[in-house]
Amino acid sequence: RRRPQTYMEQEDIWDRDLLLDPAWEKQQRKTFTAWCNSHLRKAGTQIENIEEDFRDGLKLMLLLEVISGERLPKPERGKMRVHKINNVNKALDFITSKGVKLVSIGAEEIVDGNIKMTLGMIWTIILRFAIQDISVEETSAKEGLLLWCQRKTAPYKNVNVQNFHISWKDGLAFNALIHRHRPDLIDYDSLRKDDPVTNLNNAFEVAEKHLDIPKMLDAEDIVGTLRPDEKAIMTYVSCFYHAFSGAQKAETAANRICKVLAVNQENEQMMEDYEKLASDLLEWIRRTIPWLQNRTQEKTVSHMQAKQEDFRDYRCVHKPPKVQEKCQLEISFNTLQTKLRLSNRPAFMPSEGRMVSDINGAWHILEGAEKGYEEWILSEIRRLERLEHLAEKFHQKAAIHEAWTDGKEAMLNQKEPDTTTLSDIKALLRKHEAFESDLAAHQDRVEQIAAIAQELNELDYYESASVNARCQKICEQWDVLGTLTQSRKDSLMNKEKQLESIDELYLEYAKRAAPFNNWMDGAMEDLQDMFIVHNIEEIQGLITAHEQFKATLGEADKEREAIQDIQAEVSKIAQSNNIKLSGSNPYTTITSANIDEKWKKVLELVPRRDTALQDELNKQNSNDKLRASFASQANKVGAHIKAKMEEIGRISIEMNGTLEDQLTNLKEYQESIVSYTPEINTLEGYHQLIQEALVFDNKYTPYTMEHLRVSWEQLLTTIARTINEVENQILTRDAKGISQEQLYEYRSSFNHFDKDHSGALMAEEFKACLISLGYDVENDKQGDAEFARIMGIVDPNGTGAVTFQAFIDFMSRETTDTDTADQVIASFKILAGDKNFITAEELRRELPPDQAEYCIARMAPYTGPDASPGALDYMSFSTALYGESDL
């Protein structure tokens, strides 16, 4: 009979020398007996002699029922051999039904008390019911148990578990296993490697007393044998594994909870950072908008230019950092939402008024106020410049008019003596007619003064009150002069009937001298008139008008000579006829000296006007050069920004290489874009010079500074968003375990169907993309339902378009697993000892301090019927982590 050899061949563990070693059988007998009794104790019985007590099959069947938790067929209670064989066969059949192949172990050998076959059968039971289910890193049975031992004892000095025999002889490995899980039971540092008996007895006694693991071996037997029995050691060690399996589950559960809580804490910190940054940015916008909406008018151009300088400082110094903050806020929001999706958490909803859309809305209002403020400043500068020009013109014309009217009322109120001769009366009448002609000539000036005053009022001139008072005084005086003139005329005409003689020559002189004198007054006024122009065409128009005026000077000089000839003729006649002149023209106060003096003044003012017009022409030429300089730089910057925007659009579609390569290339590209900032600053310099020169239009470029500023900010924001998209893809890849090849395949498929390079797929394009990846979304009832389900995931708002990020999130969700609320609840249940609640003490014992306090602060009190004082509800806490309930 080859039973021992067959048993050896079946297990392929022992060699023939060990089969002959009595220590081998002694160790197995003691270990297997103790192991069986540790289970039979639960049924209220024990065995003493392993081969004798299992011969009738009754305790063997009872042992199998205890360790399997199942009922075996009813045993036969007879004392005959056939009854015993039947009972043992029932036990062996049960073992076979559990997938165990028994080789050459029959009921007869067990009933006959064959110790080796009995030990072999018990080992088979131990292997199946105590060791087979042990698995560490997808290993099983012996390898899994060995790996577990190696991991648990790795930190301990003088312990090197390589097998289940020699590695355990000095007893340190047993002590290390206990100390790793229950350091309060073992003083490991006091143990010595050279005292194996003491070490083994210490471990066996502690295990029996505190861990309910019966003593299965004697220290002397282990130390006294060449190589301890491997099956006995494995059986003993498996009891330690099962004793500590609860701790192992608790450790795994605690690790899972720690991981989930760490993600939540990080996300909450990002949410707090977002809220603070959003609040600060909104507060800055709230403070800035009233300043931009302030339309308090200034009195002078210099004061408005100071406001313009403050606005330029805001636009170039204060606003750019806020543009960066706004861009960073959007990037942080997108990154946070990506992390929440990847960790199966609900989307982040900022507090009321702090959504990205709220910030964009506030920013839009800010930019609208900014645009309106700049336009208002420019219009105010133009208005004030116009006001200063009109005010000076008003006071100049008013002074001329007031000088003319000085003494006119007294003259018109004069009364002629009764002794006045007819010729004197006629002279007075003619003089009055000349005055009326002069008065009519001044009507246009009075109307101009009134019109200028009206315009100053309409433009809200700050000294309108004094202007109005002066204008009112002039108009009232003008009305008085009109009334007095008519009254005096009526008086003279009443006496004219009695007067016939008149000096026609004086009269002709007066009639021609008055208009000519008035023309010279007007010419001098025009030559001294203030002017304001904004371009070369306007100044050239003034120069042309001035040249036309100079062309009339010849005819005017002829008229002057003709008037002087009249006066000469008067003198000639008087001399030839011995007429004694009164010394002055009775019809006019304008003398030849007056005409010559004014004519000289006109001739002096002409070259001064030439110089002023030429200076203004030079100024406008300089302004035109400023326009050209700004336009050249603006056209270059505008084309550069447009080209870079197109490049970014192309890069975001055609990105090759790993995501890290793409990220590196994009950041280098971002640096090259930022390096263009000096060109923007140069353009700002040209813009400042143009504004300081009060240049308000530019025909050489379609670009404005505001347009280029917005485009530049959009360029910086777009490259930052593109970088953030790649960073989010890296987050998605790493969190979901997506390979670079998968990501490349997804990108290639997406780009293939993105025909218009818009960065999004329409519904039909997305369906074609899914079909290319093997999804069954064909045009049938089942395919339509599946496609509707997918669209509900990738396009929850029903926009009809699918972005690449939404596509990646969907693909990663379909191919990977994520933590769930149920998994976290199960982990807490382990830490709570299978209770429906957990206590603060248990949380502090099982979790790191910061995470334990995090849970305690947020868990609601447990109110179930089985609640005890201090009970905490871990179920509602876990579901709240995933947005399935409220904390």
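Rules behind the numbers
The residue numbering used here restarts from 1 in each chain and proceeds along that chain's sequence as written. Local features in this predicted model are restricted to residues of pLDDT 70 or higher, and side-chain atom pairs are both shown and tallied only at a pLDDT of 80 or more, whereas totals for entire chains, interfaces and linings draw on every residue. Hydrogens and water are ignored here; the side-chain numbers use all heavy atoms of the structure. Strands are runs of DSSP state E lasting at least 2 residues, helices are runs of H or I lasting at least 4, and numbering of each runs from the N terminus. Throughout, radius of gyration means the C-alpha value; the globule benchmark is 2.2 Å times the number of residues raised to the power 0.38. Exposure is judged per residue with a 1.4 Å probe applied to protein chains only, and the accessible area is read against the type maximum: over 50% gives exposed, under 20% gives buried, and values in between give partly exposed. Contact between two residues is taken to exist if any of their heavy atoms lie within 4.5 Å; hydrogens are not considered. Areas reported here follow the Shrake-Rupley algorithm with a probe of radius 1.4 Å; residue values treat only the protein chains shown as occluding. For the purpose of counting charges, residues Lys and Arg are taken to be positive, whereas Asp and Glu are taken to be negative. His and the chain ends are not included. Every charge is mapped to an atom, namely NZ of Lys, CZ of Arg, CG of Asp or CD of Glu. Grouping buried Ala, Val, Leu, Ile, Met, Phe, Trp, Tyr and Cys residues that are joined through side-chain atoms within 4.5 Å yields what is termed a nonpolar core. Stacked, edge-to-face and tilted are the three classes for Phe, Tyr and Trp ring pairs, Trp counted by its six-membered ring, which pair at centre distances within 6.5 Å; planes under 30 degrees apart are stacked, over 60 edge-to-face, the rest tilted. Criterion for a charge above a ring: Arg CZ or Lys NZ at most 6 Å from the ring centre, at most 35 degrees from the ring normal. UniProt positions are given in the numbering used here, feature names are shortened, and annotations may be inferred rather than shown by experiment. Angular values range over 0 to 180 degrees, each being the angle between N-to-C directions of two axes fitted as lines to C-alpha atoms, with helices fitted over their stretch in contact. Should an angle fall under 35 degrees it is called roughly parallel, over 145 degrees roughly antiparallel, and 65 to 115 degrees roughly perpendicular, with every other angle called oblique. Crossing handedness is defined as follows: a turn of the near helix away from the far one that is anticlockwise and smaller than a right angle gives a left-handed crossing, while the clockwise case is right-handed. Each reported salt bridge corresponds to a side-chain nitrogen of Lys or Arg within 4 Å of a carboxyl oxygen of Asp or Glu. The classification used treats Ala, Val, Leu, Ile, Met, Phe, Trp, Tyr, Cys and Pro as nonpolar, Asp, Glu, Lys and Arg as charged, and all other residues, Gly among them, as polar. Nitrogen and oxygen atoms within 3.5 Å of one another constitute a polar contact, given that in protein one can donate a hydrogen and the other can accept it, and given that sequence-neighbouring residues count only through two side-chain atoms. Domain boundaries shown here were taken from an automatic or database domain assignment. Multiplying 1.5 Å by the helix residue count minus one yields the expected span of that helix.

1. Re the overall build of the protein
No. 1: Looking only at helices and strands, the protein has 33 helices and 4 strands in total.
No. 2: On C-alpha atoms alone, the protein measures out to a radius of gyration of 56 Å, which is more than a quarter above the 29 Å that the 2.2 N^0.38 rule sets for 887 residues.
No. 3: Overall, the C-alpha framework of the protein stretches about 190 × 65 × 55 Å when taken along its three principal axes.
No. 4: Every one of the 887 residues in the protein was classed for burial, and the buried ones make up 45%.
No. 5: Sequence separation of 24 or more characterises 74% of the internal contacts of the protein that already satisfy a separation of 6 or more.
No. 6: Surface summary for the protein: the accessible area is close to 44400 Å², and the carbon and sulfur share equals 51%.
No. 7: A gap of 5 Å separates the mean positions of the 107 positive and 147 negative side-chain charges of the protein.

2. As for the nonpolar core
No. 1: Counting residues in each nonpolar core, the largest one holds 78 residues, and the members touching the most others are Trp35, Ile125, Trp168 and Phe174.
No. 2: The leading source of residues in this core is helix 8 (residues 115-131), at 11 residues.
No. 3: Other than its neighbours up to four places away in sequence, Trp35 contacts Leu63, Ile67, Ile125, Ile126, Ala130, Met216, Thr235 and Cys239.
No. 4: With 46 residues, the next largest nonpolar core counts Tyr669, Ile719, Phe750 and Phe810 among its residues.

3. Some remarks on the packing of aromatic side chains
No. 1: The tally for this structure, following the rule as stated, stands at 34 aromatic pairs.
No. 2: Members of the aromatic cluster, joined through ring pairs, are Trp284, Trp291, Phe311, Tyr314, Trp363, Tyr373 and Trp376.
No. 3: Over the ring of Phe129 we find Arg128, and its NZ or CZ is 5.0 Å from the ring centre.
No. 4: For Lys408, the ring lying beneath its charged end belongs to Trp404, and the centroid distance is 4.9 Å.

4. A word on the UniProt feature "domain: EF-hand" (unreviewed entry) in the protein
No. 1: The feature "domain: EF-hand" (unreviewed entry), as given by UniProt, occupies residues 741-776 and 782-817 in the numbering adopted here.
No. 2: Along residues 741-776 one finds 64% helix and 8% strand; the C-alpha atoms at either end are 22 Å apart.

5. Here we look at the packing of helix 27 (residues 763-772) against helix 28 (residues 781-794)
No. 1: Their axes nearest at 11 Å, the elements helix 27 and helix 28 cross at an angle of 110°. The angle between helix 27 and helix 28 places the two elements in the roughly perpendicular class. Along this stretch, helix 27 crosses helix 28, giving a crossing that reads as right-handed. Only Asp784, Phe787, Ile790, Met791 and Val794 of helix 28 make contact with helix 27, whose side of the interface consists of Ala763, Phe766, Lys767 and Leu770.

6. Here we look at the pattern of salt bridges
No. 1: A full pass over the atoms with the stated rule returns 57 salt bridges.
No. 2: With its nearest N and O atoms 2.4 Å apart, the salt bridge here joins Lys371 to Glu375. Pair noted here: Lys371 and Glu375 are both in helix 15 (residues 356-405), with a separation of 4 residues, about one helical turn.
No. 3: A residue is classified by how much of its surface remains accessible, and Lys371, at 45% relative accessible area, is partly exposed.
No. 4: One salt bridge in this structure joins Arg383 and Glu380, with 2.8 Å as the shortest N-O distance. In this pair, Arg383 and Glu380 are both assigned in helix 15, 3 residues apart and thus about one turn of the helix distant.

7. What to know about the packing of helix 26 (residues 740-753) against helix 27
Any two packed helices are characterised by the angle at which their axes cross and by the distance between the axes.
No. 1: Two elements in contact, helix 26 and helix 27, have axes separated by 9 Å at closest approach and are oriented at 140°. As judged from the angle between their axes, helix 26 and helix 27 are oblique. Viewed along their axes, helix 26 and helix 27 form a crossing whose handedness is right-handed. Contact residues: Ser749, Phe750 and Phe753 in helix 26; Glu765, Ala768, Cys769 and Ser772 in helix 27.
No. 2: For the contact of helix 26 with helix 27, the residue count by class is 4 nonpolar, 2 polar and 1 charged.

8. A closer look at the side chain of Gln851
No. 1: Turning to its location among the elements, Gln851 is positioned in helix 32 (residues 849-858).
No. 2: Judged by its relative accessible area of 7%, Gln851 is buried.
No. 3: Of note is the side chain of Gln851, whose polar atom sits 3.0 Å from the backbone oxygen of Cys258.

9. With respect to the environment of Thr153
No. 1: Its location among the elements puts Thr153 in helix 9 (residues 141-153).
No. 2: A residue is classified by how much of its surface remains accessible, and Thr153, at 2% relative accessible area, is buried.
No. 3: Linking Thr153 and Gly774, residues 621 residues apart in sequence, is a C-alpha distance of 48 Å.

10. A short note on the domain arrangement of the protein
No. 1: Split into domains, the protein comes out as domain 1 (22-251), domain 2 (256-385), domain 3 (407-497), domain 4 (506-734) and domain 5 (821-881).
No. 2: Using only C-alpha atoms to locate each centre, domain 1 and domain 3 end up separated by 136 Å.

11. Observations regarding unusual backbone geometry
For residues other than glycine, phi is negative in most cases, and the peptide bonds are mostly trans.
No. 1: Non-glycine residue Asn158 carries a positive phi angle of around 65°.
No. 2: On the secondary structure map, Asn158 appears in the loop between helix 9 and helix 10 (172-181).
No. 3: Classification of Asn158 by relative accessible area gives partly exposed; the value is 47%.
No. 4: Positive phi outside glycine occurs at Asn344, with the angle close to 60°.
No. 5: Examined against the element boundaries, Asn344 turns out to sit in the loop between helix 14 (301-342) and helix 15.

12. Focus on the side chain of Glu525
No. 1: Position of Glu525 among the secondary structure elements: in helix 19 (residues 504-527).
No. 2: In this structure Glu525 touches Lys397, Ile400, Arg445 and Gln448, once residues within four positions along its chain are discounted.

13. Quick notes on the environment of Val824
No. 1: With respect to the helices and strands, Val824 occurs in helix 30 (residues 821-831).
No. 2: When the C-alpha positions of Val824 and Ala788 are compared, they lie 31 Å apart, and in sequence the two are 36 residues distant.
No. 3: Residues in contact with Val824, not counting those within four places in the same chain, are Val260, Ser878 and Tyr882.

14. Description of helix 10
No. 1: Where burial is concerned, most of helix 10 is hidden: 8 out of the 10 residues are buried.
No. 2: Among all positions in helix 10, only Leu172, Ala173, Phe174, Asn175, Ala176, Leu177, Ile178 and His181 are buried.

15. A look at helix 26
No. 1: With 14 residues, helix 26 should reach 20 Å at 1.5 Å per residue; the first-to-last C-alpha distance of 20 Å fits that figure.
No. 2: For helix 26, the complete set of buried residues consists of Leu743, Tyr746, Arg747, Ser749, Phe750, Asn751 and Phe753.

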